[in-house]
4 protein chains.
Amino acid sequence: MPGNSFGDVFTFTTWGESHGPAIGCVVDGVPPRVPLYESDIQQYLDRRRPGQSRYTTQRRESDRVQIVSGVFEGLTTGTPIALVIENEDQRSKDYSEISGKFRPGHADYTYWAKYSIRDYRGGGRSSARETAMRVAAGAVARKVLAHILGEAPRIRGALVQLGPHGIDRDAWDWSEVDVNPFFCPDAEAAGRWADFLDDVRKRGSSAGAVVEVQAEGIPAGLGEPVYDRLDADLAKALMSINAVKGVEIGNGFAAAATSGEDNADQMRMEGDTPHFLSNNNGGVLGGITTGQPVVARFAVKPTSSILIPRRTVTTEGEEAEVVTKGRHDPCVGIRAVPVGEAMLAIVLADHLLRHRAQTGAFGG
Amino acid sequence: MPGNSFGDVFTFTTWGESHGPAIGCVVDGVPPRVPLYESDIQQYLDRRRPGQSRYTTQRRESDRVQIVSGVFEGLTTGTPIALVIENEDQRSKDYSEISGKFRPGHADYTYWAKYSIRDYRGGGRSSARETAMRVAAGAVARKVLAHILGEAPRIRGALVQLGPHGIDRDAWDWSEVDVNPFFCPDAEAAGRWADFLDDVRKRGSSAGAVVEVQAEGIPAGLGEPVYDRLDADLAKALMSINAVKGVEIGNGFAAAATSGEDNADQMRMEGDTPHFLSNNNGGVLGGITTGQPVVARFAVKPTSSILIPRRTVTTEGEEAEVVTKGRHDPCVGIRAVPVGEAMLAIVLADHLLRHRAQTGAFGG
Amino acid sequence: MPGNSFGDVFTFTTWGESHGPAIGCVVDGVPPRVPLYESDIQQYLDRRRPGQSRYTTQRRESDRVQIVSGVFEGLTTGTPIALVIENEDQRSKDYSEISGKFRPGHADYTYWAKYSIRDYRGGGRSSARETAMRVAAGAVARKVLAHILGEAPRIRGALVQLGPHGIDRDAWDWSEVDVNPFFCPDAEAAGRWADFLDDVRKRGSSAGAVVEVQAEGIPAGLGEPVYDRLDADLAKALMSINAVKGVEIGNGFAAAATSGEDNADQMRMEGDTPHFLSNNNGGVLGGITTGQPVVARFAVKPTSSILIPRRTVTTEGEEAEVVTKGRHDPCVGIRAVPVGEAMLAIVLADHLLRHRAQTGAFGG
Amino acid sequence: MPGNSFGDVFTFTTWGESHGPAIGCVVDGVPPRVPLYESDIQQYLDRRRPGQSRYTTQRRESDRVQIVSGVFEGLTTGTPIALVIENEDQRSKDYSEISGKFRPGHADYTYWAKYSIRDYRGGGRSSARETAMRVAAGAVARKVLAHILGEAPRIRGALVQLGPHGIDRDAWDWSEVDVNPFFCPDAEAAGRWADFLDDVRKRGSSAGAVVEVQAEGIPAGLGEPVYDRLDADLAKALMSINAVKGVEIGNGFAAAATSGEDNADQMRMEGDTPHFLSNNNGGVLGGITTGQPVVARFAVKPTSSILIPRRTVTTEGEEAEVVTKGRHDPCVGIRAVPVGEAMLAIVLADHLLRHRAQTGAFGG
């Protein structure tokens, strides 16, 4: 299968370019009779929507999603759900100056090397605009999880590092995430980040970030060893987000420095139920969920569109300098938070359906 | 598709348990007329083979691979290549004592939660023994790459961290990798690691590690955006290796702390050819190879089989303590080096064939 | 993968219901730089369009296709091609009377049994309206074949049986196919069919048909044994068309009655090239094309929407009678001709790309 | 995915050549805790085994299947089930004379055209020997169906035409199928067939056949519209069997000659349950099972290996004559009966698991 689809049972395929008339996706494999309204999807798109603070691009998009198939009288029918968002703000003239130059850090050169054709309007298909459809598909995945599990699992994300600046994990407060422009769970850190990012923005530079996503309320048993482990699929899902360069589960890279006795999550009984005394493994063992929260982090590189001139070459083989004017996020990691949550929801929904197929669990 | 297959055009499916009569795999999608002998595969299996130093398990396996289909008179025929390795050392009595106990850090509990049945003999299917077939499939992938590209790309790996101890990257010497028992590229570090790991082993503890893999000689253009990006597939491939908890490409997590101007890989012309002035992105931009070396690292958690007692519960719901006797690697990260190289070769071969399908490149 | 996609490298996914706002598809895996305009697609949609004679439904649809992604300045970019057709004539009131009754021969009962929800508006997703998108995807497949092969293969279809009435194959004239309302290659038969079908229509009855499709100019070597044989994929493609109940390749069912010596296609040299003295096998041997014309036929059952009352039951479990008023084709087999051609083109394009992946043929 | 796998959730991949050391398959996606012994598989292999009458090849193979993974203490574990059969009778010297000649009707020429390499020993991978593994996988599918449905559906097949000679359907007696060498349900026809086929065999000729397969006890609701319809997947499954040239469901090609009112299967209530008054549609409507028996037929061409000389060419481009000595079935259609049953069981098991994934039906 070509590369624009994701998932095995719960699947979606996205289409559309940054500066085409619209973007969209087809979500297939959704169980029938799941309640689904456009507002269920819109609320998540609104979290990702640009232009909500001075730290995100000023491109103006209302990002209104339309459901054009697969839902009848408020319920899914089991047939493909087509979702469409019109592109409103397609100022492609911004890009004419750089149409022949490969912007460093972007996919310009590699798309050219692969396809020998270039849609220079804002990155075309390689633009992060595509991630809006991931958020939309993720909203459908959340409904599927809630429908089958009876209760919606809590799938949330936060920015835990902005540029070189981390947070105090002891100060973690989920209610802070929605009240600062960074999805930062540490109010004090958010204040410092504002100063840092203002400075970055003014210099025409950009910053990277680390995002953490978590899912609570996920039953044990999801994941298909040995290649379609839940954490392997999640690693692929998160690494496929624009600008992501690293993914870790649970303690991740830090686990390499610990000892076997410290890293193992010991078990005791809690009434009739086994429970774990720690969650170093991030809710996944052997590729299968343990019933603990699934925890993952991913690193987002600094935005490649900057106002500081960089050396490059052109499609004609000439050396040049390039600056990327226009409206860009000084830190794309911020708006990657709802995208990461969505990918986590999608992987979980897909594996819930796969688990149901093979074992009959969570069935009628 | 169930979870025991990997790849889209170059694919393989593995089967077999730690203590069954044999393990094997079927490699499908291999081009016809690629020269292939058992010795081409055996040399890589020998790198991964246990019992070669005091730092790996003393389980005795010669790991002789047999090609049982798909090759005729020394050439692949384009039909499925079946590979088999007999299990020789199946001392399953070692495991009887722990047959009802969930070993912390292992997949025992999650397989039980998923399948409601337990093959307690050495982890059954979840054992790292399965990775031998990855190495075998990886050897076939290397032959495919060499056959199509004309010249074999250089795909290599090394251990860059053992427990909390790193290396001096300025001292990196590939020739060291094959002369110490750690695949360590820094001779001095290897000496310190020996002391450290002896101590770990004597205490019945275990250590984690970080592995780096690199591929040189890979053309630009491989990778299928937006979900089957080369780096996304590589993240999945590496995260699917037993005990891996983190994956990064190029600068990885460190990129989050840098600025856009520092992280972007600038370009100049070198004669008629564009070239990059740095490789912060690890040879992948927008999910497509740049033509620079592909560079990835992955974190391996400490071996979960240790002699230090840990608290656990049993399949009957009783609390217990467990120690894992038997023959175990004090650091599974060491033998993960050839496995990581193999997964990198597999992802590259698969994407080379996919690229050829869509664009016709490397054909004719 | 869920069931609304077809193909392995050249793939498409369709969405939309008979009475929703639009129908559409996403075609993925198309090579870059293939010239593609809406008019390339529209010409095939026009062949299938309803309301062009008294023998097809009077539903009024202009079926104007729009390309909304994947094409830039007249060339494909290698990214997903989204195609959309607005539904114009959605007279859903026609269907209110039968909303609770399962129409015999239709998918009403089985969709209900599967999904426990019913979109009663004209069959919803099970309507043959979906086949418009197959024709659109087929037009893209034709462009891909022409682009890679250098010359467009000739992919054509004809009705060879209407109800119980066949044709005289010796009178076969391709130029007749486009001048009668039946896609019939035998002018005299077409005349008799008109009388027959007028009578069928007036009685409120319906008729079945057999369609033959052929592809000339296909190279030898396409097809992936042993399960993804070209003829196996073609059988699936044709059987998936609404109302199709049988598929055959070459001599098909008639081959069962012949002898081995008569059925074998003997070979001689024609200059330097092997050629066959007959084409009993319909251009496929062992699942791989021979270089001769690929020939297949499929049987279409009579339209299930008829004005003659039939016994049925309701969603409430009550017995009832049903007639299907509205605008229906007296023989859906007629408009199945361009759909069959499209599916043949799609299977060939997919296998051409798969062949290129594994062998490198038609590349570079 | 390459072509040697079949199925989406219940899947299998076969490997091996006619004259290699062994053939085998990997069955993946099987639910855990299904009772499975080698004898469950062997009984079906024995039905297909060669050498049981003078009407099948005299090649001597005991076809003993071994389960080498995926089963622990008599129960499936949810991990891949590897099955292996050693090839015992590999008289490859029989084939040396024809090693350069393309045998008409065989896949020799097309494999050569595709792969540019030839395993001339008995057809190599294109040999019908591969179908033994289909029968083995089909036996596993039967166990899965029985395990999930609680009762084993009755999946049976019979030869309904041998050469030009049909049966009297009113004389159909399933108990006859196992007592004559043709799997013929009509005792009188079997007698006539014996005379006919003796004559064919003595002349060194061969005959075609039509096989009918049926499944009773299949619930309504299986099948994934619109491309993975159950009948579309079944058409692919049956067309992929060696020498098959046509497939039909229910009334099949005969449906084309009927009227809408006669062909529609009317419905009444039987107590609380809807039932159908006929089964013209062969148990499938809109690609989804109705709950009636699933009925399909497929046409097998005459064996291509015959003793009557045929004109051909060689790999060197020279004209030649060829006769195929050795031990061949005068009618491969006979031994195709258990293979057809197996493919039907596999398609049903796969769709049962897919249905369970999306709807939760037949779950825990």
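Residues numbered from 1 in each chain as written. Chains lettered and ligands numbered in written order. Predicted model: local features only at pLDDT ≥ 70, side-chain atom pairs only at ≥ 80, totals over all residues. Heavy atoms only, no water.

**Q** When you look at the side chain of T14(C) in this model, what are you seeing that I'm missing?
**A** Residue and element names in this part refer to chain C. Along the chain, the position of T14 falls in strand β2 (residues 11-15). Given a relative accessible area of 0%, T14 falls into the buried group. There is a polar contact of 2.7 Å between the side chain of T14 and the side chain of E130. (Helix = DSSP H or I, 4+ residues; strand = E, 2+ residues; numbered from the N terminus. Buried < 20%, exposed > 50% of the residue type's maximum accessible area, 1.4 Å probe, protein only. Polar contact = N/O pair within 3.5 Å; in protein donor to acceptor, adjacent residues only side chain to side chain.)

**Q** Would you explain the relation of the copies chain C and chain B in this entry?
**A** Relating one copy of the chain to the other takes a rotation about an axis and a shift parallel to that axis. Between chain C and chain B, which share one sequence, the superposing operator has a rotation angle of 180° and an axial displacement of 0.0 Å; the RMSD is 0.0 Å. Taken together, the turn and the small shift mark the pair as related by a two-fold rotation axis. The fraction of interface residues of chain C whose copies in chain B are also interface residues reaches 100%, indicating that both copies meet through the same surface. (Least-squares fit on C-alpha atoms with pLDDT ≥ 70 in both. Contact = heavy atoms within 4.5 Å.)

**Q** Where do I start with the interface of chain A and chain B in this structure?
**A** A common way to report how large an interface is uses the accessible area buried once the components associate. Counting residues at the interface gives 104 residues for chain A and 104 residues for chain B. With both chains or domains summed, chain A and chain B bury close to 8400 Å², and 57% of this area falls on carbon and sulfur atoms. Looking only at chain A, the three residues that lose the most surface to chain B are K114(A), Y227(A) and K245(A), adding up to 11% of its buried area. Here R268(A) ties to E319(B) by a salt bridge, and the two come within 3.4 Å at their closest N and O atoms. At the surface where chain A touches chain B, the tally comes to 59 residue pairs in polar contact (both at pLDDT 80 or more). (Buried area = accessible area lost by both parts, 1.4 Å probe. Salt bridge = Lys/Arg side-chain N within 4 Å of Asp/Glu carboxyl O.)

**Q** Looking at this structure, I do not really get helix α2 (residues 108-115) of chain B. What am I missing?
**A** One turn of an α-helix holds 3.6 residues; hence residues three or four places apart share an orientation. Extensive coverage of α2(B) is indicated by the burial of 6 of its 8 residues. Buried residues along α2(B) sit in contact with β12 (267-270), β13 (273-276), β14 (284-285), β15 (288-289) and α8 (332-359) of chain A. Two residues or fewer after α2(B) comes S116(B), characterised by a positive phi angle close to 55°.

**Q** Can you help me understand the sheet that holds strand β2 (residues 11-15) of chain B in this one?
**A** Pairing between the strands of a sheet is mediated by backbone hydrogen bonds and can be parallel or antiparallel. All names here are of chain B. Read from one edge to the other, the open sheet built from 5 strands follows the order β1-β2-β3-β7-β4, with strand pairing classed as antiparallel. Because the sheet does not close on itself, it has two edges, and the strands there are β1 (5-6) and β4 (65-67). Two elements, β4 and strand β7 (residues 81-86), share 3 bridges in a ladder whose sense is antiparallel. The partner of Q66 across the bridge, within β7, is V84. Against the sheet, helix α1 (residues 38-48) makes contact with β4 and β7, and its axis sits at roughly 155° relative to β4, the strand it touches most. (Pairing = 2+ DSSP bridges. Axes fitted to C-alpha atoms, helices over the stretch in contact; angles between N-to-C directions.)

**Q** Sorry, what's going on with the relation of the copies chain A and chain B here?
**A** Note on the identical chains: chain A maps onto chain B by a rotation of 180° and an axial translation of 0.0 Å, with an RMSD of 0.1 Å. Mapped onto chain B, 100% of the interface residues of chain A again fall at the interface, so both copies present the same surface.

**Q** Explanation requested: the pairing of strand β3 (residues 22-28) of chain B in the structure shown.
**A** Working note: regular strand, side chains alternate between the two faces of the sheet. All names here are of chain B. Across the 7 residues of β3, 7 count as buried, placing the element largely inside the fold. Alternating residues of β3 divide into A22, G24, V26 and D28 and I23, C25 and V27, and every residue in both groups is buried. By the bridge criterion, 5 bridges tie β2 to β3 in an arrangement that is antiparallel. If you follow T11 over to β3, its bridge partner there is D28. Of the pairings in the sheet, the one linking β3 to β7 comprises 6 bridges and is antiparallel in character.

**Q** Sorry if this is basic, but what is going on with the UniProt feature "binding site: NADP(+)" (unreviewed entry) in chain A here?
**A** All names here are of chain A. Per the UniProt annotation, the sites labelled "binding site: NADP(+)" (unreviewed entry) are R48 and R54. Take R48: it is sitting in helix α1 (residues 38-48). Of the residues examined, R48 reaches a relative accessible area of 3% and is grouped as buried. Once you skip the residues sitting within four places of it in the chain, R48 turns out to touch D63, A128, R129, T131, A132, V135, R335, P338 and V339. As for its placement among the helices and strands, R54 is situated in the loop between α1 and β4 (65-67). Discounting chain neighbours no more than four positions away, the residues touching R54 are D198 and R201. In this structure the side chain of R54 is engaged in a polar contact, spanning 2.7 Å, whose partner is the side chain of Y55. (UniProt positions renumbered as here; feature names shortened; annotations may be inferred.)

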